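The residues making up each chain are set out below.
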Amino acid sequence: MLPGVRGLPERGGTVTTYNPVSTENAREYLNDIDYSESAEAALAGTDGAVVVTEVTNSRPPTRSSA
């Protein structure tokens, strides 16, 4: 987990991730975060976001006008 978000769950924050490649592997190591089925779902209702990727088929989600 990124150093800046590591302590958020202990301080009452929620960390949600979307990883199209290795979610199942991540679940083995990171059990104090939530996992989403899409990038859009991971961003729903957030106050902030960090996008880190090496995956070439990932695109930033589009912001809805709703």
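Now for a look at the structure at hand. Bear in mind the structure is a predicted one, so any value in this text is a computation, not a measurement.

Once that is clear, we can look at the overall build of the protein chain. From N to C terminus, the protein chain includes 2 helices and 2 strands. Helices (α) and strands (β) of the protein chain occur, in sequence order from the N terminus, as β-α-β-α. In the protein chain, which comprises 66 residues, the share counted as buried stands at 14%. The long-range fraction of contacts in the protein chain, counting pairs at least 24 apart against all pairs at least 6 apart in sequence, stands at 27%. Surface exposure of the protein chain reaches about 5600 Å², of which carbon and sulfur atoms provide 48%.

Turning our attention to the pattern of salt bridges. Under the defined criterion, the tally for this structure stands at 1 salt bridge. For the salt bridge of Glu-24 with Arg-27, the shortest nitrogen-to-oxygen distance reads 3.5 Å. Here Glu-24 pairs with Arg-27, and both are found in helix H1 (residues 23-29), just 3 residues apart, close to one helical turn. For Arg-27, a relative accessible area of 38% puts it in the partly exposed group.

Bringing the environment of Leu-43 into the picture now. You can see Leu-43 is positioned in helix H2 (residues 39-43). When the C-alpha positions of Leu-43 and Tyr-18 are compared, they lie 9.2 Å apart, and in sequence the two are 25 residues distant.

This paragraph deals with the environment of Gly-13. Mapped onto the elements of the fold, Gly-13 is located in the segment before strand E1 (16-17). The exposure class assigned to Gly-13 is partly exposed, which follows from its relative accessible area of 28%. Along the backbone, Gly-13 and Ile-33 are 20 residues apart, and their C-alpha atoms lie at a distance of 9.8 Å.

Looking at the secondary structure, you find Ser-36 in the loop between strand E2 (34-35) and H2. Note on Ser-36: relative accessible area 13%, which makes it buried. At 3.5 Å, the side chain of Ser-36 and the backbone nitrogen of Ala-42 are in polar contact.

The subject of this paragraph is the environment of Val-52. Among the secondary structure elements, Val-52 is positioned in the segment after H2. The exposure class of Val-52 is exposed, given its relative accessible area of 62%.

Rules and cut-offs
- Residues numbered from 1 in each chain as written.
- Predicted model: local features only at pLDDT ≥ 70, side-chain atom pairs only at ≥ 80, totals over all residues.
- Heavy atoms only, no water.
- Helix = DSSP H or I, 4+ residues; strand = E, 2+ residues; numbered from the N terminus.
- Buried < 20%, exposed > 50% of the residue type's maximum accessible area, 1.4 Å probe, protein only.
- Contact = heavy atoms within 4.5 Å.
- Areas by Shrake-Rupley, 256 points an atom, 1.4 Å probe, with all protein chains shown as cover.
- Salt bridge = Lys/Arg side-chain N within 4 Å of Asp/Glu carboxyl O.
- Polar contact = N/O pair within 3.5 Å; in protein donor to acceptor, adjacent residues only side chain to side chain.

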